[in-house]
Amino acid sequence: MTEKKYQFGLDTFGDIGFKNDGTPMTGAETLRQVVKEAHLADELGIDLIALGEHHRSEFAISSPEIVLSAMAQVTKNIKLGTAVTVLSSDDPVRVFERFSTLHALSNGREEIMLGRGSFTESFPLYGYDLEKYDDLFEEKIAMWQALLEGKPMNWNGKLTQKLTDTTVYPQLPEGETIATSVAVGGTPESIIRAVYYDLPVVIAIIGGEPTRFRPYVDLYHKATKQFDKPERPLGMHAHGIILDDEKEAIEVGWKYIKAEMDRIGIDRGWAPMTRDRFEFEIDKGSYYVGTPETVAQKIAKNMKAMDMQRFDLVYGTGGQLLHQREDTIRNYGEKVIPRVKELLGGDGND
Amino acid sequence: MTEPTIGIVGAGKLGSTLARLGIQAQLPILIGSRHKVEDLKWVIDTLAPGTITLTTDEVIERADVIILAIPLGHYLDLDPVKLAGKIVLDASNYWVEVDGTHNNISDFKRSSSEVVQDHLNNSLVAKAFNHMGYHDLEIEVDRHPDVRRAMAYATDHDEIRPTVEHVITAFGFDPLFLGPLRYGLLLEPGSPLFGEAIPRDEFQDKINTIYDSPYGQKIITERGEKIK
Ligand SMILES: NC(=O)c1ccc[n+]([C@@H]2O[C@H](COP(=O)([O-])OP(=O)(O)OC[C@H]3O[C@@H](n4cnc5c(N)ncnc54)[C@H](OP(=O)(O)O)[C@@H]3O)[C@@H](O)[C@H]2O)c1
């Protein structure tokens, strides 16, 4: 079997989309649309589609594994992931049950990405204290690793349940596991923790010059030596719109990406995005907005500069019209990914 | 002015970013957290090479200017005796995600940096470096080498203002004095000034219209008047 050196994915939070006439879709329509988009992505040979988990009006996906199960039935090869599963406000046992179910239904195409996410509404919703985020994550990621071993669980948690000789079902087939990675922002500690657990890291680079994150990449490599762990493929996740008309792509971005960033900003204390900053993000920063060639050049440049093997493009940010979402996916699969592979020197297949 | 030694207490997102900016600006930077020096040193050597990693106590002892980059909820860990006589730039904010949904440290009548100053009763506290996100500290500095971003500060100690302004300038920002420490309330999360990485004139415009904002209105309701 050849192992791919590069992996290209699509990420979405299930942003409520708009029909081509501009009227908003319902949440239900958006969910069905996202399943269609996964089908399209699979046909185009895109490696992965990953879904976020949110509990608010702008996004349709609160239960990603259910959507991924539906996708499993209409796709053949594409990996079905989350980006991210907020493990801190979830029960690792239930997460395991959902993913091992998905493992069965998708023939092992599932992937989980653990992280904090952009919003924090899952904490009050599920009755967890947000201020315990770190402690919850620390304990639950350890529990998750224990669950993946597939043996009967003996667990004496402080913030989680106590389990004695408990097997969690459905069990994974012998020798198989749930591919797990960790999403990080700018917290050095998160990178170190991921290395400690020997999990691949995906860095969310959603603003500023991507190479600003180079010190974090260096930290990842240094940490693997520090803890004597193998190097795992590093990835990045960023927003993009890929249309044949550059100007159109930029205006779609200004309308929808801005709206989305301003919403996150309310939670994170960021000021609303200015046009000047938006244009900077397209020219030099973290937005992959423009024609297939522009976007491919930018992805290749940043993957090279940062030693990345995985790139996840967040599509449909802020909703967007159906044809804009689908054009982005089509351009990404048909033109951008092959071109990036070419620019990186070969398609990475051994 | 001889370059003051900067000591950063807290080596997380903000602390490590400030260390990197400081080193880029060729300032002498010390940093410490509750981590053991051996556990923190290799991290800092990677993220902000050139910075000297020490214990928090050593940082406090050796630095002339101390930047607090720890969660506000941990301010009582700071020893007022060890910090006596030092200039302290308080960058900490009450952050619901970290400090909890119920704030019993500060409120609209007593801003968080006043609480810190009261605790560090023999230190010279200024509120500074708190209103810009750590990403923007780097992005905006790189992006506008021509027009510096305003970094607002507040302090009760006029005698430290030249040093505070020197440090803010050395880090690459345009210092903007708001007034005595109580004016720091205007920089706290929730305020329209919080999160801003804009030039001085735009920042000043936002200060001038602050009482038109819901946050400004809340200040008037809670304090019975504008900050005076
Ligand atoms: N993140 C931002 O963009 C930003 C911007 C402006 C202001 N701020 C404020 O700056 C402060 C730090 O924020 P952050 O985002 O950098 O948090 P962070 O990433 O969690 O880092 C906090 C750091 O403080 C250390 N620490 C905690 N308690 C300590 C103590 N008693 N003595 C010494 N070190 C201690 C922690 O390390 P140990 O656990 O090893 O001690 C860690 O290195 C907060 O008050 C925040 O509101 C943050």
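Residues numbered from 1 in each chain as written. Chains lettered and ligands numbered in written order. Predicted model: local features only at pLDDT ≥ 70, side-chain atom pairs only at ≥ 80, totals over all residues. Heavy atoms only, no water.

Assigned secondary structure in chain A consists of eleven helices and eleven strands. In terms of overall dimensions, chain A is globule-like: its C-alpha atoms have a radius of gyration of 19 Å, near the 20 Å expected for 350 residues. Overall, chain A is about 60 × 45 × 40 Å in size when its C-alpha atoms are taken along their principal axes. Across the 350 residues in chain A, those meeting the buried criterion constitute 58%. Taking all contacts inside chain A whose residues are at least 6 apart in sequence as the whole, residues at least 24 apart take part in 74%. (Helix = DSSP H or I, 4+ residues; strand = E, 2+ residues; numbered from the N terminus. Rg over C-alpha atoms; globule rule 2.2 N^0.38 Å. Buried < 20%, exposed > 50% of the residue type's maximum accessible area, 1.4 Å probe, protein only. Contact = heavy atoms within 4.5 Å.)

This paragraph deals with the UniProt feature "domain: Pyrroline-5-carboxylate reductase catalytic N-terminal" (unreviewed entry) in chain B. Taken from the UniProt record, the annotation "domain: Pyrroline-5-carboxylate reductase catalytic N-terminal" (unreviewed entry) applies to residues 5-94 of chain B. Across residues 5-94 of chain B one finds 33% helix and 20% strand; the C-alpha atoms that close the span lie 27 Å apart. (UniProt positions renumbered as here; feature names shortened; annotations may be inferred.)

On the side of chain A, 29 residues touch chain B, which itself brings 28 residues to the contact. Of the roughly 2,400 Å² buried at the junction of chain B and chain A (both faces included), carbon and sulfur atoms supply 57%. Among the residues chain B hides against chain A, the three largest losses belong to B:Trp42, B:Glu97 and B:Arg143. Together they make up 31% of the total. Where chain B packs against chain A, one counts five salt bridges. One salt bridge connects B:Glu97 with A:Arg116, and the closest N-O pair in it is separated by 2.1 Å. Remark: the boundary between chain B and chain A carries eight residue pairs in polar contact (both at pLDDT 80 or more). Breaking the side of chain B that touches chain A down by element, the ones donating at least two residues are helix H1 (13-24), helix H2 (37-47), helix H4 (96-99) and helix H6 (134-143) of chain B. For the side of chain B that touches chain A, the element with the highest residue contribution is H6(B), accounting for seven residues. Looking at side-chain class alone, the side of chain B that touches chain A contains eight nonpolar, ten polar and ten charged residues. (Buried area = accessible area lost by both parts, 1.4 Å probe. Salt bridge = Lys/Arg side-chain N within 4 Å of Asp/Glu carboxyl O. Polar contact = N/O pair within 3.5 Å; in protein donor to acceptor, adjacent residues only side chain to side chain. Nonpolar A, V, L, I, M, F, W, Y, C, P; charged D, E, K, R; others polar.)

Quick look at helix H11 (residues 322-343) of chain A now. Residue and element names in this part refer to chain A. Over its 22 residues, H11 extends 30 Å from the first C-alpha to the last, a length consistent with the 32 Å expected when each residue adds 1.5 Å. Remark: the principal bend of H11, roughly 45°, maps to tyrosine 332. The complete set of buried residues in H11 reads Leu322, Gln324, Arg325, Thr328, Ile329, Asn331, Tyr332, Gly333, Val336, Ile337, Val340 and Lys341. On its buried face, H11 is in contact with strand E1 (7-12), helix H1 (27-43), strand E9 (235-242), helix H8 (246-268), helix H10 (292-306) and strand E11 (310-314). (Expected span 1.5 Å × (residues − 1). Bend = angle between axes of the 7 residues up to and from the residue.)

This part is about the nonpolar core. Counting 126 residues, the largest nonpolar core has A:Tyr332, B:Phe129 and B:Phe171 as its most contacted members. By residue number, the principal contributor to this core is helix H5 (residues 133-148) of chain A, which donates nine residues. Look past the residues within four positions of A:Tyr332 in its chain and what remains in contact with it is A:Phe8, A:Gly9, A:Leu10, A:Ile46, A:Ile242, A:Ile299, A:Phe311, A:Leu313, A:Ile337 and A:Pro338. In this structure, B:Leu78, B:Ile105, B:Val125 and B:Leu181 belong to the second largest nonpolar core, which totals 21 residues. (Core = buried A, V, L, I, M, F, W, Y, C linked by side-chain atoms within 4.5 Å.)

Cis geometry marks the peptide bond from A:Ala83 to A:Val84, where omega comes out at 10°. Within the element layout of this structure, A:Val84 appears in the loop between strand E3 (79-82) and helix H3 (92-105). For the bond from A:Tyr169 to A:Pro170, the omega torsion is -5°, close enough to zero to count as cis. Within the chain, B:Gln26 stands out as a residue other than glycine whose phi angle is a positive 60°. With respect to the helices and strands, B:Gln26 occurs in the loop between H1 and strand E2 (29-32). Phi at B:Phe129 is positive, roughly 65°, even though this residue is not glycine. When you line up the elements, B:Phe129 lands in the loop between strand E6 (124-127) and H6.

Residue and element names in this part refer to chain B. Close to the ligand lie 24 residues, the nearest being Leu14, His35, Ile70, Asp77 and Tyr134. The backbone of alanine 11 places a nitrogen or oxygen atom 2.8 Å from an oxygen atom of the ligand. Serine 33 places a side-chain nitrogen or oxygen 3.2 Å from an oxygen atom of the ligand. Contact with the protein chains removes 83% of the 880 Å² of surface that the ligand exposes when unbound. Of the residues belonging to the shell around the ligand, the class tally is eleven nonpolar, ten polar and three charged. (Near = heavy atom within 4 Å. Areas by Shrake-Rupley, 256 points an atom, 1.4 Å probe, with all protein chains shown as cover.)

This part covers the pairing of strand E4 (residues 65-68) of chain B. Residues and elements named next belong to chain B. Neither face of E4 is exposed, since Val65 and Ile67 on one face and Ile66 and Leu68 on the opposite face are all buried. The pairing of strand E1 (residues 6-9) with E4 spans four bridges and is parallel. Along E4, the bridge assignment pairs glycine 7 with isoleucine 66. (Pairing = 2+ DSSP bridges.)

With that settled, consider helix H6 (residues 188-196) of chain A. Burial within H6(A) is extensive, with seven of its nine residues counted as buried. Where the residues of H6(A) are buried, they touch H5, strand E7 (179-184), strand E8 (201-204) and helix H7 (214-226) of chain A together with H1 and H2 of chain B. Once H6(A) ends, the next one or two residues include A:Asp198, with phi positive near 60°.

This brings us to empty space enclosed by the protein. In the structure shown here, the tally under the stated rule is one cavity of 30 Å³ or more. Counted as a void, the largest cavity has a volume near 30 Å³. As for the largest cavity, its lining consists of A:Glu209, A:Arg212, A:Phe280, B:Ile139 and B:Asp142. Considering only residue class, the lining of the largest cavity consists of two nonpolar, no polar and three charged. (1 Å grid on protein atoms, 1.4 Å probe; cavity = no way out; pocket = protein on both sides within 12 Å on 5 of 7 lines; lining within 4 Å. Points joined across faces, edges and corners; volume = space filled by probe spheres on them.)

What the rule picks out here adds up to 18 aromatic pairs over all chains. Ring plane angle 50° and centroid distance 5.9 Å describe the contact between A:Phe59 and A:Phe119, whose orientation is recorded as tilted. Of this pair, A:Phe59 sits in the loop between strand E2 (48-51) and helix H2 (64-74) while A:Phe119 is found in the loop between strand E4 (110-114) and helix H4 (122-126), placing the two residues 60 residues apart along the sequence. Residue classification places A:Phe119 among the buried positions, given a relative accessible area of 3%. With a centroid separation of 5.8 Å and an interplanar angle of 10°, the aromatic rings of A:Tyr133 and A:Phe137 are classed as stacked. One end of the pair, A:Tyr133, and the other, A:Phe137, are both in helix H5, four residues apart, so they sit about a helical turn from each other. On the accessibility criterion, A:Tyr133 (13% relative accessible area) is buried. Through pairs of rings, three or more aromatic residues link up here, namely A:Tyr196, A:Tyr197, A:Phe227 and B:Trp42. Seen from the ring of A:Tyr196, A:Lys229 lies directly overhead, with NZ or CZ sitting 5.9 Å from the centre. (Phe/Tyr/Trp six-rings, centres within 6.5 Å; stacked < 30°, edge-to-face > 60°. Lys NZ or Arg CZ within 6 Å of the ring centre and 35° of its normal.)

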